[in-house]
Structure formats: structure tokens, C-alpha cells
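Below, each chain spelled out in residue letters.
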Amino acid sequence: MGSSLPPVSVPAPRSTTPAPRQRAPWPSNVTLKVTMALTGTVFALYVLVHMIGNLKVYTGAEHFDAYAHWLRTLAEPLLPYEGALWIFRVVLLACLVAHVGASALIVVRARRARGRVRRTGMGWRRLPATLMPYTGLVLLVFIVVHILDLTTGTRPVAPAGFVDPTQTSSDAYQNLTESLQRWPMALFYLFVMAILFLHLVHGLWTLANDFGVTGQRTRQVWALVALVAAGAVALGDLSIPIAVLAGWVG
């Protein structure tokens with residue numbers, strides 16, 4: 001005669017409250033990366049064109065001054081005097097604000113996500129990416145110095161003989177050569193051009209990642225393009241302070 005077991009009571013499942021989803025950051029990291037890529041492309045094109053224009057210093061004062069004056073009268077009479085130049089400046093300033101802002105947000109978010117533990121074992125290959133915020137800061141300082149030196153002619157950054165442009169003439173050749181004849185300023189320019197090379201070559205390389213390029217051969221070709229383009233800009237700009245100090249220009 002078997003014994004009957006008491007019924008086992010199964011507790012009713014408790015109602016669980018779903019964990020609140022963490023709100024995605026705004027703007028997203030993808031948006032920030034694309035913003036940096038687009039604005040970085042604008043800067044890369046600008047420094048390339050700017051370097052080509054600066055090389056006109058080797059053609060002499062007359063041609064270089066004529067080129068500087070042409071920039072101020074570009075698209076006249078459709079635009080007023082310096083109208084096109086101010087359009088370029090506003091676009092570059094907007095790109096600068098967007099580029100620096102996106103970079104700052106990415107750095108802050110990366111540090112928050114990493115916490116106190118630093119990633120190790122990355123080796124020297126990680127060094128260019130690690131230095132990007134610092135090289136960018138140096139370039140930001142250079143932009144301010146460059147404007148005070150050769151655009152506004154603000155002393156003591158600008159040379160004593162700085163001559164303001166007029167609606168009929170420009171003394172850009174004299175301003176440039178007198179500025180670079182000062183050893184501290186020339187050495188500063190040389191240092192910044194080396195920094196520009198580091199920043200530009202890595203920035204151009206990251207464009208492949210930011211725009212989703214995955215093919216190995218394409219990435220290798222683009223790495224070569226980044227190296228050649230950054231090297232051309234840096235060498236072209238580096239040659240001018242050296243030429244002035246050597247007495248070949250000015």
C-alpha cells in the first residue's frame with residue numbers, strides 16, 4: 001500500500017521590472033567620427049592649397065604680393081573686397097569648432113569608458129593616435145600665432161616692419177620674410193610643421209576607418225597617399241623658413 005506524497009507548491013514567478021536602458025549619448029560616436037573626418041578633409045585640402053600658394057614666395061616679391069592681393073579681390077565685383085576671403089575664414093572657423101568639439105567629446109567619453117585602468121601592450125603603433133590630441137593642441141596654438149603674425153600684424157608676435165595690406169597693394173612678401181628672419185619664430189614654424197606632418201598623416205589614415213574602407217589593398221594604397229600628401233605639405237612649408245634663414249629668399 002503506497003503512501004501519497006503531499007502536493008508540492010510551486011511559488012508564482014515574481015514580476016521583474018526590466019532594467020532601465022541606458023540612453024545612447026548624443027551626438028553618437030559615429031556622428032562625431034564622421035564630423036571629424038569631414039572637417040579634417042576640409043583642413044587637409046586647405047593646408048595643401050595654402051602650401052602651394054606659399055611656394056610662390058620663390059617667384060619673388062612681385063608675384064607673391066600679387067597672389068596675396070588677388071586673394072583679397074577674388075570674385076570682385078560680385079563680392080566686396082575680401083568678401084571671398086571672409087567666406088573661407090568663416091567656413092574654416094566653423095570646421096575648426098566642429099573638429100575640436102567632436103575631438104574633445106570623443107576623448108572625454110573614451111576616458112570615462114576606460115576608467116582608471118589603462119590599456120597596455122599597444123606598442124609604438126598606438127603612439128600616433130595617442131598623440132593626436134596633443135599635436136592638435138599645438139596646431140591650435142599655431143593658428144592663433146600665425147594670425148597674429150601675418151594677418152593682423154599684432155606686436156610683439158608680428159615683426160616691427162609689418163605693413164598692412166590696402167585695397168590696391170599687399171606687402172605679404174616683406175611681412176613673411178621679416179617674420180621668418182627672426183630665429184625664434186623660424187624655429188617655431190619648423191617645429192610646428194613637423195607636428196603638422198604627424199597630425200596630418202594619422203588624420204588622413206583614419207579617414208579610411210571613418211568612411212568604412214575595409215579592403216586591405218585599398219587601405220594600403222590610402223596609407224601611402226596619406227604619407228605622401230602629409231610629407232608634401234610638411235616639406236613644402238618647411239622649406240620656406242629654411243630658405244629665408246639661408247638667405248635664398250628675402
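Residues numbered from 1 in each chain as written. Predicted model: local features only at pLDDT ≥ 70, side-chain atom pairs only at ≥ 80, totals over all residues. Heavy atoms only, no water.

Caption draft 1: The nonpolar core, seen in detail. Among the nonpolar cores identified, the biggest contains 30 residues, and Val57 and Leu200 are the most heavily contacted of them. Counting only elements with at least two residues in this core, the list comes to helix 1 (29-54), helix 2 (61-73), helix 4 (127-150), helix 5 (172-180), helix 6 (183-210) and helix 7 (216-246). At ten residues, the largest contribution of residues to this core is made by helix 6. Excluding residues that lie within four positions of it along the chain, Val57 makes contacts with Phe64, Tyr173, Leu176, Ile240 and Val249. (Core = buried A, V, L, I, M, F, W, Y, C linked by side-chain atoms within 4.5 Å. Buried < 20%, exposed > 50% of the residue type's maximum accessible area, 1.4 Å probe, protein only. Helix = DSSP H or I, 4+ residues; strand = E, 2+ residues; numbered from the N terminus. Contact = heavy atoms within 4.5 Å.)

Caption draft 2: Quick look at the packing of aromatic side chains. Under the counting rule described, the total for this entry stands at five aromatic pairs. The interplanar angle of 45 degrees and the centroid separation of 6.0 Å between the aromatic rings of Phe142 and Phe188 together place this pair among those described as tilted. Taken together, the residues span a long stretch of sequence, with Phe142 in helix 4 and Phe188 in helix 6 at a distance of 46 residues. By relative accessible area, Phe188 is classed as partly exposed at 24%. Three or more aromatic residues joined by ring pairs make a cluster, and in this case those are Phe142, Phe188 and Tyr189. Between the NZ or CZ atom of Lys56 and the centre of the ring of Tyr67, over which it lies, the distance is 5.7 Å. (Phe/Tyr/Trp six-rings, centres within 6.5 Å; stacked < 30°, edge-to-face > 60°. Lys NZ or Arg CZ within 6 Å of the ring centre and 35° of its normal.)

Caption draft 3: Here's a closer look at unusual backbone geometry. The omega angle of the peptide bond from Glu76 to Pro77 is 5 degrees, so this bond is cis rather than trans. Looking at the secondary structure, you find Pro77 in the loop between helix 2 and helix 3 (83-114). A cis amide bond links Arg155 with the next residue in sequence, Pro156, at an omega value of 5 degrees. Relative to the helices and strands, Pro156 is located in the loop between helix 4 and helix 5. Here the phi dihedral of Ala75 falls at roughly 70 degrees; this positive angle occurs in a residue that is not glycine. Secondary-structure assignment places Ala75 in the loop between helix 2 and helix 3. Overall, the relative accessible area of 32% leaves Ala75 in the partly exposed class. If you check the backbone angles, Glu82 has positive phi at about 70 degrees while not being a glycine. Mapped onto the elements of the fold, Glu82 is located in the loop between helix 2 and helix 3.

By themselves, these observations are geometric and do not establish any function.
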